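Structure at a glance
Below, each chain spelled out in residue letters.
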Amino acid sequence: MSIATKYNPQETEDKWYSYWLEKRFFHSEPDEREPYTIVIPPPNVTGVLHMGHMLNNTIQDVLIRKARMQGKNACWVPGTDHASIATEAKVVAMLKEQGINKKDLSREDFLKHAWEWKEKYGGIILEQLKKLGASCDWDRTRFTMEDDLSDAVIDSFIHLYKKGLIYRGYRMVNWDPQGKTSISDEEVIRKEVNSKLYYIKYFVATDEDISGLGHPTAEYVTIATTRPETIMADAAIFVNPSDERFKHLVGKKVRIPLIGREIEVMTDEYVDMEFGTGCLKVTPAHDTNDYELGLKYNLTPFLDILDDDAILNEKAEILVGEDRFVARKKIAKMLEEAGNLEKVEDYKSQVGFSERTDAVIEPKVSLQWFVKMKEFAQPALDDVVNGEVNLIPNKFENTYKHWMENVRDWNISRQLWWGQRIPAWYLPDGTYIIAKTQEEAFAEAQNLDTKPLDLKPSDLKQDEDVMDTWFSSWLWPISVFDGFKDPNNKDFNYYYPTNDLVTAPEILFFWVARMIMAGREFTGKKPFTNVYLTGIVRDKLGRKMSKSLGNSPDPIGLIDKYGADGVRVGMLMSSPAGNDLMFDEAYCEQGRNFASKIWNAFRLVKGWEVDTSLVNPNQQAVAWFESRFNEALIEIEHNFKQYRLSEALMATYKLVWDDFCAWYLEMVKPAYQHPIDAETKTATVNFFEQILKLLHPFMPFITEELYHDELFGKRAEMDCCIVADYPVVGAVNENLLKEAELVKGLVSEIRNVRNTRQISPKEALALSIIANSGANYKAWLNVVTKLANVNETHFVTDKVVGAAAFMVGKDEFFIPLAENVDAAAEKERLTKELAYLEGFLKSVNAKLSNERFVQNAKAEIIENERNKQADAESKITIIKDSLAAL
């Protein structure tokens, strides 16, 4: 049966993915094998595949496929995150298009629409992952808001509350005025924006100042601020206690411009004397740092002049009902007219934006639910410091340590409807009870001394807020195996703790650290052993890929153009752990070309006709490639153990493209339209099968397609590359490998002689050899004859006069070409080579004569330098002899 001239990914990918699914190769059940488990970082149900997902999931699939081939019980659990803020925003937008306002709906009606949206759009990204070749156990697909996982979230909340680790209180949060909810720090995107710096005069209050607004001729301090619309919420003016300029004002009162309220001038080391005017206005309700100063000096009550829509409320006294940015422009004009505006400067500042709505974040003191984090932090820090959990690369350990040592309480409530609802039930007087159901809360209420006499279950109202999405995803490795529902179930006992987690460094604290915390709190175990931290996918200019820049290609479009295997190779070409990937579509093209190279090499081998009467002339080449394969496999395995997947791929790529295709196949292939001996054909087919297995984790589709070709014989139904035995390291003949490198160098040099002297490749050449190294060139004569078109070879002890001479290592070679040799040119070439070697030897000698280097360098490094020295000295002697002969 013939094979197509070109590889067609479109014909291959759907066929084999469907076959894998049909035969349930992705599915895992507990058995006697060693488990290897990965839980997917659950993408948002609102999401579609982007380049970050492509990189992350390609890495996971490589790891899971390799483990599966190595005989482990590989289980990759997929799923999606309900993404409270993002999903609610999508549903609100959808309803708005239909002329429906969320405010006009009941909670139940809104959730009905949200679930319909989720069922329609929520699985898109998982279907896209299948196009990539992701071999997830789709039977185990989980969703963070399905009943069992939601129960786990509620139960864990109740557990932590009863331990005193969850509380309700007023704290500073990131407020999204458009989404009308608090959001976490990782959902705030910092952007540099062009703004204005307003210099505002605060006049010192005096007894003569009966107007209450300060007097233009009175003493004042100047405050520089980017937010003049918040001055009505000022609680104090702060200066540095060491600042001589303002010591006479400390303890005095100044009046807030336009409203006249008096605030005190106070001191704190926090104030930077060199920044701005050296004076700081403090508005505790509208700035995170000011909030801390407000707490430190008890500047209560904190005055919040903005409502949830970022509109000025009645506490502002002026401009009530105005949007904060409109108010900023108006108040600047009012300050100028009142004589309180000294100047305005252009200024660049870092402003926080909501990742989901792109609204400017408003720091806001809000009544929220919080988790006390100090108690959680230490065990999770110990796991990383003690090596129980490995961060790869380990450069992130210091960042992790800093976060954990400076952890703050976690705001877990969100003012939304989509999500797990806070299990707090309020009595009419505001007292609350934490319970899973209204009935349980009512039963507990019967024990309260303050309960109303006629209390009914319907009198208890549940908290309107839902929990932060991260409060469900921190349970992910436990809850996907129903570790809360049934802690002793066979899946949980078998698969947990999991092995590897692949994720992005930006959620190292917000997700990874919290999963470690949850693992220790709820199971007493770590949730995983290794955390592989990928880099950010950037474009070739180094810019982070984003919709706004339009620099992010459509991943599905790339797969359609280059094939899934080509894209997978392209993604991994330059993605060392923890370092950003400078993505260029050319990498995918290179991946596609690699697939074509493999396909064409297979067609070549398959096309060889066998003549059983022929004797094998290729024993040396076959023995060499077997050693080279094992040598490469050692390097590949080492890279995998170090989680250097990019390097593992490159070592595989070079083995296949360079060693197998460019050298081995050229060494053994028969002359055009001539047959090959049976031994060589069998060995080559076996090598190809091993190569397909080695390539499969990286390139699953083309390898599965070729693995089933008739060249390998008829395969059984379940005999597939996806579950074939992964290659294991065999013997390596180091001497043979060194000889092969010399032979490859020899062939290259002979070809170079042809090129420089314009000798046709068809013209056979004679070759004389002085084998100073002791290499067994006789065993390689068949290879040299075939690849360099040499028709006679002589082993000599003296230099051949009048021949083209060159060296490979310490060995000398001569091609008698008297009529073609230019003695002057040959002398010039050798003189240049001599000058280079003498310079090289000088640098090596300098290093070896450096006492500090010799004392401090490792023994193997010094030995390597001495080998370089001896090699250079030997070559210099040979070149000088050659020059003398000329």
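Up top is the structure.
First things first, this report covers the structure right here in the doc. (Residues numbered from 1 in each chain as written. Predicted model: local features only at pLDDT ≥ 70, side-chain atom pairs only at ≥ 80, totals over all residues. Heavy atoms only, no water.)

**Details of unusual backbone geometry**
A cis amide bond links Thr300 with the next residue in sequence, Pro301, at an omega value of -5 degrees. If you trace the backbone, Pro301 turns up in the loop between helix H7 (288–296) and helix H8 (324–337). Cis geometry marks the peptide bond from Tyr496 to Pro497; its omega dihedral reads 0 degrees. Within the secondary structure, Pro497 is located in the loop between helix H14 (490–495) and strand S22 (500–503). Of note, the phi angle at Lys180 is positive, near 55 degrees, even though the residue is not glycine. In this fold, Lys180 is placed in the loop between strand S5 (166–176) and strand S6 (181–183). With relative accessibility at 34%, the residue Lys180 sits in the partly exposed group. The phi dihedral of Asn789 is positive, around 50 degrees, even though this residue is not glycine. (Helix = DSSP H or I, 4+ residues; strand = E, 2+ residues; numbered from the N terminus. Buried < 20%, exposed > 50% of the residue type's maximum accessible area, 1.4 Å probe, protein only.)

**Some details on the packing of aromatic side chains**
If you walk through the whole model with that rule in mind, you get 50 aromatic pairs. A ring pair is formed by Phe492 and Tyr496, whose centres lie 4.8 Å apart and whose planes are at 20 degrees; its orientation type is stacked. The exposure classification of Phe492 matches that of Tyr496, with both residues buried. On the numbers, 5.3 Å between centres and 90 degrees between planes, the contact of Phe660 with Phe688 is edge-to-face. On the criterion of sequence distance, the pair formed by Phe660 in helix H20 (residues 645–668) and Phe688 in helix H21 (residues 678–695) is long-range, its members being 28 residues apart. Following the ring pairs from residue to residue traces out a cluster consisting of Phe157, Tyr161, Trp369, Phe376, Trp410, Tyr426, Tyr432, Phe471, Trp474, Phe484 and Phe522. Its guanidinium or amino end placed over the ring of Trp417, Lys102 lies 4.7 Å from that ring's centre, counting from NZ or CZ. Its end group placed over the ring of Phe353, Lys191 keeps NZ or CZ at 4.5 Å from the ring centre. (Phe/Tyr/Trp six-rings, centres within 6.5 Å; stacked < 30°, edge-to-face > 60°. Lys NZ or Arg CZ within 6 Å of the ring centre and 35° of its normal.)

**Considerations on the environment of Ile183**
Structurally, Ile183 is set in strand S6. Using a relative accessible area of 3% as the deciding quantity, one classes Ile183 as buried. In the structure, Ile183 is positioned 172 residues away from Glu355 in sequence and 9.4 Å away in space, judged by C-alpha atoms. Leaving out residues up to four positions away in the same chain, Ile183 has contacts with Ile85, Asn174, Asp176, Val188, Ser354, Ile361 and Arg414. (Contact = heavy atoms within 4.5 Å.)

**A word on the environment of Met718**
Looking at the secondary structure, you find Met718 in the loop between helix H22 (700–707) and helix H23 (734–757). Sequence separation of Met718 and Leu706 is 12 residues, and the distance between their C-alpha atoms is 15 Å. Every residue in contact with Met718, bar those within four places of it in the chain, is listed here: Lys23, Phe25 and Val723.

**Things to note about the sheet that holds strand S27 (residues 790–795)**
Judged by pairing direction, the sheet is mixed, and its four strands sit side by side in the order S27-S26-S29-S28 without closing on themselves. The open sheet has two edge strands with one neighbour each: S27 and strand S28 (803–808). When strand polarity is set aside, the average angle formed by the axes of neighbouring strands in this sheet is 25 degrees. Direction of pairing for strand S26 (residues 765–770) relative to S27: parallel, over a ladder of five bridges. Considered in S27, the bridge of Leu767 is made with Thr793. Against the sheet, H23 makes contact with S26, S27, S28 and strand S29 (811–816), and its axis sits at roughly 145 degrees relative to S28, the strand it touches most. (Pairing = 2+ DSSP bridges. Axes fitted to C-alpha atoms, helices over the stretch in contact; angles between N-to-C directions.)

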